[in-house]
Amino acid sequence: MTSGRTFPPGFLWGTATAAHQVEGDNKGNDWWEFEQQPGRISNGDRSGLANDSYNRYREDFSLLREMNNNAHRLSIEWSRVEPQEGEFDSRQLRHYRDVLGELREQGMRPMLTLHHFTNPAWFARKGGWAASGAPAAFLPFVRRVVDELGDLVELWCTINEPNIYATQGWVFNAWPPGRTNDIRSLWRVLANLRQAHEEAYAEIKRRWPERPAGLVHNRFLLTPYNRKNPLDQLVARAGSLAMDNWPVAAGRLQRTVAASGDFVGLNHYSGRLVRFDPRHPGQQFAFQQNPPGYRVSDFGDAVVPEWMHESLVDLKSLGKPVYITESGIATHEDAWREDFLKEILAEVLRAIADGVDVRGFFHWTAIDNFEWSRGWTVQFGLIGMDPVTLERKPKPSSRLYARIANENAIVD
Ligand code: IFM
């Protein structure tokens, strides 16, 4: 139970990152290769040294501790641990032991993601996630990590945002492998990711039955423009099924989560209003727009705090705890980030009051980092970074987040 603006006892406060976006010098994966292709990344940007967190993780964790965080979500870079198929690098495994150990030492509970968008170059060359042997090729890496690092991990995320990963790579030609409308491969990728999730979950449970594990789903909310209009309802529903194609390919989210998930990881940022419009047959008669009256992020999406409540309430029927594994905004205006934090957390509290078992909030992200095809042009961080010296510069929003985490409540 919560009262007023206070969160339940033991609530987790953290930030979320992904290895390729922060570590730097991840030369052995498919994203690195993709970044070298002209025209792929805004501004011609590259991940390069990223935040150099591979070397500066101690300093970074101190900044998280200064924000009174009691947890942190990070991912492990598969291409570092298994640079060639079947060849594991024990030095890299030791490095990640140091990273996780340091995090715990600094008072934060590690939530570790096994797959966050990047693949070793050797895996991509074999056809990546569209190839029939993909889950089998992923499993030895999972086993190694589970066996050799698992004692340091408190919460596990198997696969990050399968729906976004698959559509960006095989439909929109925005991410590796750079395919356009390759729907046949899309379904194979989704089916493989579902299988990889289930097998990774089983591995984790075999070794660490008490440690919670789950998949991370990105919910981009599609809402009928006019909730009373059945045609608007229909196109919004059809759009949601497509956006949530991961659960559809998985044979419904309910079944997957019931069988292989101790919690649901929710990444929620935005959505669109959807209206039936016969002038758009190519888009299944659905016209999407940002709702009027809401501010629009540097990504071009409206930020509608109430949609966080709606996304959470939708998950209630799954009957599992929920961690908000990512929430944030792309903006250069940090004052907006401060307002956003208060507004979004008010919606989380409203969902908790409505009976959703939300256990933690991981802000995306800690330090401004490499935002995939948008490169360095958008900023999600509570902490800024000088691009030349890589000096970290906490923003006012980081101080607000520190007070919120300290009080376990929304503060003014
Ligand atoms: O940066 C990404 C992250 O890697 C996955 N979820 C969305 C974030 C912001 O776009």
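Just so it is clear, the structure is predicted and the values come from calculations on it, not from any experiment. Counting restarts for each chain: residues are numbered from 1 in the order of the written sequence. The predicted nature of this model means local features are confined to residues of pLDDT at least 70 and side-chain atom pairs, given and counted, to a pLDDT of 80 or more, with totals for whole chains, interfaces and linings taken over all residues. Side-chain numbers come from the whole structure's heavy atoms, not from hydrogens or water.

*Asks:* Tell me about the overall build of the protein chain, residues and numbers included.
*Replies:* For helices the rule is a DSSP run of H or I covering at least 4 residues; for strands it is a run of E covering at least 2, with both sets numbered from the N terminus onward. Summing up its helical and strand segments, the protein chain has 15 helices and 11 strands in all. A globule of 412 residues ought to have a C-alpha radius of gyration of about 22 Å, and the protein chain, at 20 Å, matches this closely. Principal-axis analysis of the C-alpha atoms places the extent of the protein chain at approximately 60 × 50 × 45 Å. Burial classes: relative accessible area under 20% of the type maximum marks a residue as buried, over 50% as exposed, and values in between as partly exposed (1.4 Å probe, protein chains only). Counting every position in the protein chain, which comprises 412 residues, the buried fraction comes to 59%. Here the globule rule reads 2.2 Å times residues to the power 0.38, and the radius of gyration is calculated from C-alpha atoms.

*Asks:* Provide a residue-level description of the packing of helix α5 (residues 90–105) against helix α7 (residues 134–149), including the pertinent values.
*Replies:* For helices, the axis comes from a line fit to the C-alpha atoms of the stretch in contact; other axes are also lines fit to C-alpha atoms, and the angle between any two N-to-C directions lies between 0 and 180 degrees. Two numbers describe how α5 lies on α7: the axes approach to 11 Å, and their chain directions differ by 50°. By the angle between their directions, the pair α5 and α7 is classed as oblique. For the element pair α5 and α7, the recorded crossing hand is right-handed. Across the interface between the two elements, Leu93, Tyr96, Arg97 and Leu100 of α5 pack against Arg144, Glu148 and Leu149 of α7. Charged residues are taken to be Asp, Glu, Lys and Arg, nonpolar residues to be Ala, Val, Leu, Ile, Met, Phe, Trp, Tyr, Cys and Pro, and polar residues to be all remaining types, Gly included. When grouped by side-chain class, the residues that make up the contact of α5 with α7 number four nonpolar, no polar and three charged. Working rule for angles: under 35 degrees goes down as roughly parallel, over 145 as roughly antiparallel, 65 to 115 as roughly perpendicular, anything else as oblique. Crossings are classed by handedness, with left-handed meaning an anticlockwise turn of the near helix from the far one by less than a right angle and right-handed meaning a clockwise turn. The contact criterion used is simple: two residues touch if any of their non-hydrogen atoms lie within 4.5 Å.

*Asks:* Help me get a handle on the site of the ligand, residues and values and all.
*Replies:* Any residue with a heavy atom positioned within 4 Å of a molecule or strand is treated as near that molecule or strand. Lining the immediate environment of the ligand, one finds Gln21, His116, Phe117, Asn160, Glu161, Tyr269, Phe299, Glu326, Trp364, Glu371, Trp372 and Phe380. Distance and chemistry together define a polar contact, namely a pair of N or O atoms within 3.5 Å, with one atom able to donate a hydrogen and the other to accept it when in protein, and with adjacent residues in sequence counting only for side-chain atoms on both sides. At 2.8 Å from a nitrogen atom of the ligand is found a side-chain nitrogen or oxygen belonging to Glu161. Between the ligand and the protein, one listed contact pairs an oxygen atom with a side-chain N or O atom of Glu371 at 2.5 Å. When the free accessible area of the ligand is taken as 280 Å², the share hidden by the protein chains comes to 91%. Among the residues making up the shell around the ligand, the classes are represented as six nonpolar, three polar and three charged. Note on areas: Shrake-Rupley with a 1.4 Å probe; residue coverage comes only from the protein chains shown.

*Asks:* Could you give me a rundown of the pattern of salt bridges, with the residues and numbers involved?
*Replies:* By convention in these notes, a salt bridge is any Lys or Arg side-chain nitrogen within 4 Å of a carboxyl oxygen on Asp or Glu. In the structure shown here, the tally under the stated rule is 28 salt bridges. Asp25 is paired through a salt bridge with Lys27; the nearest N and O atoms lie 3.4 Å apart. The partly exposed category is assigned to Asp25, whose relative accessible area is 38%. Accessibility expressed as a relative area gives 51% for Lys27, which makes it exposed. Salt bridges linked by common partners bring Arg143, Asp147, Glu203, Arg206 and Arg207 together as one network.

*Asks:* Account for the packing of aromatic side chains, with residues named and values stated.
*Replies:* Ring pairs are drawn from Phe, Tyr and Trp, using the six-membered ring of Trp, whenever the two centres fall within 6.5 Å, and their geometry is named by plane angle: stacked under 30 degrees, edge-to-face over 60, tilted for the rest. Taken as a whole, this structure holds 29 aromatic pairs when the rule is applied. Each ring, one from Phe7 and one from Phe11, has its centre 4.8 Å from the other, and the planes form 45°; the classification is tilted. The same class applies to Phe7 as to Phe11, namely buried. An aromatic cluster is present here, built from Trp31, Phe34, Phe117, Tyr165, Trp170, Trp175, Phe370, Trp372 and Trp376 joined pairwise through their rings. Note on geometry: a ring has a charge over it if NZ (lysine) or CZ (arginine) is within 6 Å of the ring centre and within 35 degrees of the ring normal. The lysine or arginine in question, Arg295, covers the ring of Trp336, its NZ or CZ lying 4.2 Å from the ring centre.

*Asks:* Which residues make up helix α13 (residues 306–314), and what values go with them?
*Replies:* Within the span of α13, buried status applies to Trp307, Met308, His309, Ser311 and Leu312. Against β5 (213–224), β6 (264–276), β8 (322–327), α14 (334–353) and β9 (358–363) lie the buried residues of α13.

All we've got here are geometric facts, nothing functional implied.
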